[in-house]
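Now for the letters of each chain:
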Amino acid sequence: MTTPQDGDFRDGMPFLGSRLWIDFANSAPVALGDFLATPEGWARWLAAAGLKAGGGPKGAAGADLAEVHALRAALSRLFDALQTGSRPAASDLDLVNQYLAAGATPPRLSWRDGGLRVEQQEAGDMDPLAAIATDFADFAAQHESARLRHCANPECSLIFYDTARNGTRRWCSMSACGNRHKVRSHRMRAAKLECS
Ligand SMILES: [Zn+2]
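Residues numbered from 1 in each chain as written. Predicted model: local features only at pLDDT ≥ 70, side-chain atom pairs only at ≥ 80, totals over all residues. Heavy atoms only, no water.

Per an unreviewed UniProt entry, the chain carries the name ABATE domain-containing protein and comes from Xanthobacter oligotrophicus.

See below:
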């Protein structure tokens, strides 16, 4: 399926965190509201994220929104813990661990093309919350804390992982907060010139 894409946004929702689990944490921006407030919103977000709505034991239809929101809140707190290098709450780790356990399927051996093949489950085939928890676990094992950032716009709640080589990304998105900042500082410079 195709989703309308506008750089850092898919179907009007931010996908600019550079990681699936961060995009999930970003699904309720202060300025735009909670995209996962309804089952329809959750299904829309899953489609934009490329996750299988019906994947895994629960699927989108069966997913309890309270569970979706609880994992999202835990991951937002874990973002802050990773960023500051502080010890995460045991309850947040427990919750992620539950989804890791639920998503874990052993590799499967099969005979194909005259040889034994190992089949691993793809993220897209997993229960979506398990896929998100797995992405967080992979990330937590190797990341640079200094590259975890909040958007430099104090009115913006979005977070991201800076993957730029020089590590100087300040904005969630140039098309959103970056440009607003550029326009504002241009206006301030222009106003100063008028005063002098
Ligand atoms: Zn921003």
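From this point, things continue past the structure.
**Things to note about the overall build of the chain**
Note the cut-off: We count a stretch as a helix when DSSP gives it H or I for four or more residues in a row; a strand needs E for two or more, and each element gets its number in order from the N terminus. To sort residues, take the accessible area from a 1.4 Å probe on protein chains only and compare it with the maximum for the residue type: under 20% means buried, over 50% means exposed, and anything in between is partly exposed. Any two residues whose heavy atoms approach within 4.5 Å at even a single point are treated as in contact. Only the protein chains shown count as covering a residue, and every accessible area follows the Shrake-Rupley method with a 1.4 Å probe.
Counting its regular elements, the chain contains 7 helices and 7 strands. Going from the N terminus to the C terminus, the chain shows its helices and strands as β-β-β-α-α-α-α-α-β-β-α-β-β-α. Each of the 196 residues in the chain was classed as buried or not, and the buried ones make up 38%. Considering only intrachain contacts with a sequence separation of at least 6, the fraction spanning at least 24 residues in the chain is 55%. Carbon and sulfur atoms provide 54% of the accessible area of the chain, an area that totals close to 11,300 Å².

**Re a nonpolar patch on the surface**
Rules: The residues that make up patches have over 30% relative accessible area and no salt bridge, and they are joined within 9 Å when like-charged or within 5 Å when they are Val, Leu, Ile, Met, Phe, Trp or Tyr. The rule for a salt bridge is simple: a side-chain nitrogen of Lys or Arg has to be within 4 Å of a carboxyl oxygen of Asp or Glu.
Residues Leu109, Trp111, Leu116 and Val118 make up a contiguous nonpolar surface patch of about 500 Å² in total accessible area. Going through the elements one at a time, strand E4 (108-112) and strand E5 (115-119) are the ones with two or more residues in the nonpolar patch. Along the polypeptide, Val118 turns up in strand E5. Look at Val118 and you get exposed, because its relative accessible area is 54%.

**A few points about the coordination of the zinc ion**
As a reminder, the rule being used: Atoms of type N, O and S within 2.8 Å of a metal are treated as its donors, and for Na, K and Ca the window is 3.2 Å; water is not considered, so some sites may appear to be missing partners. Labels for metal geometry use angle windows, namely 85 to 135 degrees for all angles of a four-donor tetrahedral site, and for square planar (four donors) or octahedral (six donors) sites opposite donors over 155 degrees apart plus all others within 65 to 115; sites meeting none of these are irregular.
Within the protein, the zinc ion binds to Cys151 (SG), Cys156 (SG), Cys172 (SG) and Cys177 (SG); these donor distances fall in the range 2.3 to 2.4 Å. Taken together, the 4 donor atoms coordinating the zinc ion span angles of 106 to 113° at the metal, a pattern that classifies the geometry as tetrahedral. With relative accessibility at 17%, the residue Cys156 sits in the buried group. You can call Cys177 buried: its relative accessible area is 4%.

**Brief notes about unusual backbone geometry**
Non-glycine residue Asp11 carries a positive phi angle of around 55°. If you trace the backbone, Asp11 turns up in the loop between strand E2 (9-10) and strand E3 (13-14). Asp11 sits in the partly exposed class, given a relative accessible area of 25%. Look at Ser18: it is not a glycine, yet its phi comes out positive at around 75°. Structurally, the position occupied by Ser18 is in the loop between E3 and helix H1 (20-25).

**Some words on the environment of Tyr161**
The cut-off we apply is this: Each polar contact in these results corresponds to two N or O atoms within 3.5 Å; when the atoms are within protein, one needs to be able to donate a hydrogen and the other to accept it, and residues that are neighboring in sequence are counted only if both atoms are side-chain atoms.
Following the sequence through the fold, Tyr161 ends up in strand E7 (residues 159-161). For Tyr161, a relative accessible area of 12% gives the class buried. Separated by 18 residues in sequence, Tyr161 and His143 have C-alpha atoms that sit 9.1 Å apart. For Tyr161, the side chain forms a polar contact with the main-chain nitrogen of Glu144, separated by 2.9 Å.

**Digging into the packing of aromatic side chains**
Aromatic ring pairs are described here by two measures, namely the spacing of the ring centres and the angle between the planes. Formally: In this analysis, rings of Phe, Tyr and Trp, with Trp reduced to its six-membered ring, are considered paired at centre separations within 6.5 Å, and the interplanar angle assigns stacked below 30 degrees, edge-to-face beyond 60, and tilted for intermediate values. To sit over a ring, a charge needs its Lys NZ or Arg CZ within 6 Å of the ring centre and within 35 degrees of the ring normal.
Tallying each qualifying case throughout the model produces 8 aromatic pairs. Among the aromatic residues, ring-to-ring pairing joins Trp21, Phe79, Phe136, Phe139 and Tyr161 into one connected group. The residue whose ring lies beneath Arg169 is Phe160, and the NZ or CZ to ring-centre distance is 3.9 Å.

**A few points about the layout of surface pockets**
Inclusion rule: Cavities and pockets were defined on a 1 Å grid built over protein atoms only: a cavity is a set of grid points that admits a 1.4 Å probe from which the probe cannot escape, a pocket is an open set flanked by protein on both sides within 12 Å along at least five of seven lines, and lining residues are those with an atom within 4 Å of any such point. Grid points are joined across faces, edges and corners, and a volume is the space filled by probe spheres set on the points. Residue type decides the class: Asp, Glu, Lys and Arg count as charged, Ala, Val, Leu, Ile, Met, Phe, Trp, Tyr, Cys and Pro as nonpolar, and the leftover types, Gly among them, as polar.
One number sums up the size of the largest pocket: a volume of about 200 Å³. When residues of the lining of the largest pocket are assigned to their parent elements, the largest contribution, 3 residues, is made by helix H7 (residues 174-195). Within the lining of the largest pocket, the residues separate by chemical class into 9 nonpolar, 2 polar and 2 charged.

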